[in-house]
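Survey of secondary and tertiary structure
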Amino acid sequence: MDLFYRSTRSNGEKVTASQAILQGLAQDGGLFVPESVPVLDKSLEELAQMSYRETAYEVMKLFLTDFTEEELKDCIRKAYDSKFDTEEIAPLVSVDGAYYLELFHGATIAFKDMALSILPHLLTTSAKKNNVRNDIVILTATSGDTGKAALAGFADVKGTKIIVFYPKNGVSPIQEKQMVTQKGDNTFVVGITGNFDDAQTGVKQLFGDKELEKEMDAAGYQFSSANSINIGRLVPQVVYYVYAYAKLLKRGEITQGQKINAVVPTGNFGNILAAYFAKNMGIPIAKLICASNENKVLYDFFETGVYDRNREFVLTSSPSMDILISSNLERLIYLTAGRDADKNAAFMKALSDAGRYEITADMRAAMTDFYGNYASEQETADTIKAVYEKTGYVMDTHTAVAATVFNKYKAATGDNAKMVVVSTASPFKFTRSVMNAIDAKYDAMGDFELVDELSALAKVAVPNAINEIRTAPVLHDTVCDKEEMKAVVKKFLGI
Ligand SMILES: *Cc1c(COP(=O)(O)O)cnc(C)c1O
């Protein structure tokens, strides 16, 4: 039976999975949600015997019902291959009374790789299925991390090009180096003289430019986006929750049906929403624990039922979670409002007009699976140091936010259920913050010196993603003003 997708903001037309992937956002500005969450048709015992790829197929086939078995398996094979530095793809490591689900073994050593390594293949397959003849041009503005993960995912994927704009003086030296050394004939990276908002605004204008659209179509191109609200990014993220549960079962850490908890370091609410979907598919997860940094909008929301973005934006050591509008939360709002698109649209209008909304008591009651808490900068650093000193395991800052919240949750509730701590980045990606947390003396060292120190300390080899950029040649050196973005795009496309 086919599963269709609807927008969270109006009861308009339903679309197939491949159409939802191609469109990204619904025409009314809403997010696509499946008409129902499918239930796993394999037993937990069967899943326990499966590899990551096999698990990916069992989960994704239920969401992407208009993909043939061959198409989907082909996408999975191309995504979860030797780009990952371990066969397991998402290892589960036992540390200090919890299981760390390491989602950082892909090309850019952070969790965005889990979805962005498969999205290009889902997108090109969706284009074929819908008789799109044009090549897909991915246009992205990035404040650092997503740009590199998207570049790595789309590099050399036939039928696609990717153009990434970043603020020339607004990303870290390592982030910039990662992007400007990107290989692949279909990749383009441009620094703009402006901030991230300028880049984002410029990209939005290009997306809406009808004249450009016509010129591109005549030349055989059309734009698409790879951002985190695409269902093609959400669905692949459900897989590792199923995989983690099955692994615990296989190893005899839990018995069939025993409930576990998951704690997820959260920004845009995509990763934890995937956990919610896994739960609704039949994975025995009791609590979904939402961990925030000092930008604790979500903690306040779960405490009070009020979502309020009117507050100071804090720059933290876990920058990928420095977010005041968690766009994927809209899907949970829609679902807990009883799939009432009008009601959800009203909340979203209030959010864009006044920066806040308050949900109803019924909706709050429908969210009791969730528990929210947050970690201060000091607590995050203390956790990195304490766990390192006790066990030798070194975690990154985002993961440390989750580990801190895990401790707070346990202290507050006494709940002793087995806990999966979702580990979203390699410590090598945030070396300076991690090393400073362990000892202030490291602050005097250079970036790559710190990398070697971390490797020795953690007894972990320096990941390829880091080694490569030490010596990699710069392949992209275009810099432009925000007014020149359109001209730059046209030049790249030869139109
Ligand atoms: C994106 C990101 C997060 C937040 O994930 P969401 O799906 O946006 O909640 C957490 N940690 C790292 C390292 C990330 O890159």
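Residues numbered from 1 in each chain as written. Predicted model: local features only at pLDDT ≥ 70, side-chain atom pairs only at ≥ 80, totals over all residues. Heavy atoms only, no water.

A count of helices and strands for the protein chain gives 22 helices and 15 strands. Its C-alpha atoms give the protein chain a radius of gyration of 22 Å, near enough to 23 Å, the size a compact globule of 495 residues would have. For the protein chain, the proportion of its 495 residues judged to be buried stands at 57%. Taking the contacts inside the protein chain whose residues are at least 6 apart along the sequence as the reference set, 74% of them involve residues at least 24 apart. (Helix = DSSP H or I, 4+ residues; strand = E, 2+ residues; numbered from the N terminus. Rg over C-alpha atoms; globule rule 2.2 N^0.38 Å. Buried < 20%, exposed > 50% of the residue type's maximum accessible area, 1.4 Å probe, protein only. Contact = heavy atoms within 4.5 Å.)

Surveying the vicinity of the ligand reveals 14 residues, the closest of which are Lys112, Gly267, Asn268, Asn271 and Thr424. In this structure, an oxygen atom belonging to the ligand sits 3.2 Å away from a main-chain N or O atom of Gly270. Between Thr424 and the ligand, the recorded distance is 2.8 Å, taken from a side-chain N or O atom to a nitrogen atom. In isolation the ligand exposes 390 Å². Once the protein is present, 96% of that is buried. In the shell around the ligand, the residues fall into five nonpolar, eight polar and one charged. (Near = heavy atom within 4 Å. Polar contact = N/O pair within 3.5 Å; in protein donor to acceptor, adjacent residues only side chain to side chain. Areas by Shrake-Rupley, 256 points an atom, 1.4 Å probe, with all protein chains shown as cover. Nonpolar A, V, L, I, M, F, W, Y, C, P; charged D, E, K, R; others polar.)

Burial analysis of strand E13 (residues 370-374) places four of its five residues in the buried class, which makes it a mostly covered element. As paired strands, strand E10 (residues 285-292) and E13 are joined by five bridges and run parallel to one another. Bridge assignment links Ala291 to a residue of E13, and that residue is Asn373. (Pairing = 2+ DSSP bridges.)

Turning to the layout of surface pockets, a few remarks are in order. A volume near 1100 Å³ is recorded for the second largest pocket. The wall of the second largest pocket is formed by 41 residues, among which Lys83, Ala152, Gly153, Ala155 and Val157 lie closest to the centre. For the lining of the second largest pocket, the elements supplying multiple residues, two or more each, are helix H4 (69-79), helix H6 (119-129), strand E5 (135-141), helix H7 (145-154) and helix H21 (464-471). Within the lining of the second largest pocket, the residues separate by chemical class into 14 nonpolar, 13 polar and 14 charged. (1 Å grid on protein atoms, 1.4 Å probe; cavity = no way out; pocket = protein on both sides within 12 Å on 5 of 7 lines; lining within 4 Å. Points joined across faces, edges and corners; volume = space filled by probe spheres on them.)

Let's shift gears to the sheet that holds E10. Strand order across the open sheet formed by six strands is E3-E4-E14-E9-E10-E13, with mixed pairing between neighbours. Of all the strands in the sheet, the pair left with one neighbour each is strand E3 (92-95) and E13. Strand after strand, the sheet turns through a mean of 25° between neighbouring axes, direction not considered. The strands touched by helix H12 (residues 270-281) within the sheet are strand E9 (260-265), E10, E13 and strand E14 (418-423), with E10 carrying the most contacts at an inclination of about 175°. (Axes fitted to C-alpha atoms, helices over the stretch in contact; angles between N-to-C directions.)

Further remarks concern the nonpolar core. With 112 residues, the main nonpolar core has Tyr5, Phe63, Leu64, Phe269, Ile333 and Tyr357 as its most contacted residues. Take this core: its biggest share by element is 14 residues, from helix H11 (residues 231-250). When sequence neighbours within four positions are dropped, the list of residues in contact with Tyr5 reads Glu13, Lys14, Val15, Thr16, Ala17, Ala20, Phe32, Val33, Pro34, Phe63, Leu64 and Ile231. (Core = buried A, V, L, I, M, F, W, Y, C linked by side-chain atoms within 4.5 Å.)

Below, the discussion takes up the packing of helix H9 (residues 196-207) against helix H22 (residues 485-493). Between two packed helices, the angle of one axis relative to the other and the distance separating the axes together describe the packing. It is at 10 Å that the axes of H9 and H22 come closest, and there the two elements cross at 60°. In terms of orientation, H9 and H22 fall into the oblique class. The two elements H9 and H22 meet at a crossing, and its hand is right-handed. Contacts between H9 and H22 involve Asp198, Ala199, Gly202, Val203 and Leu206 on the former and, on the latter, Met485, Lys486 and Val489. Tallied by class, residues from the contact of H9 with H22 come to five nonpolar, one polar and two charged. (Parallel < 35°, antiparallel > 145°, perpendicular 65-115°, else oblique. Left-handed = near helix turned anticlockwise from the far one by under 90°.)

Moving on, we get to the side chain of Ser224. One can find Ser224 in strand E8 (residues 221-224). In contact with Ser224, other than residues within four places in its own chain, are Leu22, Leu123, Ile136, Val137, Ile138, Leu139 and Phe207.

Before going further, it helps to examine the environment of Val15. Inspection of the secondary structure puts Val15 in the loop between strand E1 (5-7) and helix H1 (17-23). When neighbours within four sequence positions are excluded, Val15 is seen to be in contact with Phe4, Tyr5, Ala20, Gln23 and Phe32.

Moving on to the sheet that holds strand E7 (residues 187-192). Reading across the sheet, the five strands line up as E8-E5-E6-E7-E15 and stay open at both edges, with parallel pairing between neighbours. In this open sheet, the two edge strands, each paired with only one partner strand, are E8 and strand E15 (478-480). For this sheet, the mean angle separating the axes of adjacent strands, direction not counted, is 25°. Judged from the three bridges that link them, E7 and E15 form a sheet pairing that is parallel. Bridge pairing in E15 places Val190 opposite Thr478. Strands E5, strand E6 (160-167) and E7 of the sheet are contacted by H7, whose axis makes an angle of about 165° with E6.

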